[in-house]
Amino acid sequence: MVSRIDRKKMVDAALRLLNEVGLDKLTVRRIATELHVQAPALYWHVRNKQELLDEMATEMMRRMATPLMAEPVLATPWQKQLADACRGLRRGLLAYRDGAKVFGGTRMVGQGYAAPFDAFIRRLVEAGFAFPDAVQAWWTAYNFTVGLVIEEQSVHPDPAHPEYRDPAYDSAERERRLGDRYPYAARAGAELFGDIERNFEAGLRIIIAGIEATVEIRPDAS
């Protein structure tokens, strides 16, 4: 007898399949096959693929946010906490094929995501940020991270084999193709798609320096 399929089993199966087939080939029917049920059994939980992606993104957020809720993390300076939150977000997204595409543009389901977000914004406010600046600081860093991972997962699409590189991002071939006509664009390929880890950390430093330079942070905040 097939056990009753609940929302958690459906989402767990969807995330497993995502790594196997990627976002484009992930369907409700395919998930149903994985769970040995008929597709209508899953439509009790989601009406369409967008609702499925919302559920998947919410579970991804829950898994990523848990380690960031530890008190030692919340006690660190805001610069390190912001950087570490972005690093955790990047690691979490890279754990899934097309993880950033699934995560970007989806809506969180329920209220489970609110606790870590509330705690993070509260930490920035307590560090001296005005509330709008705290939200904007996170929104800027968040969008940088998701956008970078979308590009990164185009270069390295398989989380099980992170060393694999899509041949379309061969910097030497790109430089040869653009040649002398566009020398700076030709050379930029190695910078853009070479050491992505380095680029990510450099981007974080730029964002944090920009926040420090443009946001008034009250040193006497409690």
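Relevant structure appears above.
The following refers to the structure shown. (Residues numbered from 1 in each chain as written. Predicted model: local features only at pLDDT ≥ 70, side-chain atom pairs only at ≥ 80, totals over all residues. Heavy atoms only, no water.)

1. Side note on helix H7 (residues 114-126)
Here comes step 1: Helix length check: H7 (13 residues) gives 18 Å between terminal C-alpha atoms against 18 Å at 1.5 Å per residue, within 8%.
Here comes step 2: Every buried residue of H7 is accounted for by Pro116, Ala119, Phe120, Ile121, Arg123 and Leu124.
Here comes step 3: Of the residues trailing H7, Gly128 is marked for its positive phi of about 120 degrees. (Helix = DSSP H or I, 4+ residues; strand = E, 2+ residues; numbered from the N terminus. Expected span 1.5 Å × (residues − 1). Buried < 20%, exposed > 50% of the residue type's maximum accessible area, 1.4 Å probe, protein only.)

2. Looking at the packing of H7 against helix H8 (residues 131-155)
Here comes step 1: Contact geometry of H7 with H8 gives a least axis separation of 9 Å together with a crossing angle of 120 degrees. When the axes of H7 and H8 are compared, the pair comes out oblique. The way H7 lies across H8 gives a crossing that is right-handed. Residues Phe117, Phe120, Ile121, Leu124 and Val125 of H7 lie in contact with H8, whose contacting residues are Phe131, Ala134, Val135 and Trp138.
Here comes step 2: Counted by class, the contact of H7 with H8 contains nine nonpolar, no polar and no charged residues. (Axes fitted to C-alpha atoms, helices over the stretch in contact; angles between N-to-C directions. Parallel < 35°, antiparallel > 145°, perpendicular 65-115°, else oblique. Left-handed = near helix turned anticlockwise from the far one by under 90°. Contact = heavy atoms within 4.5 Å. Nonpolar A, V, L, I, M, F, W, Y, C, P; charged D, E, K, R; others polar.)

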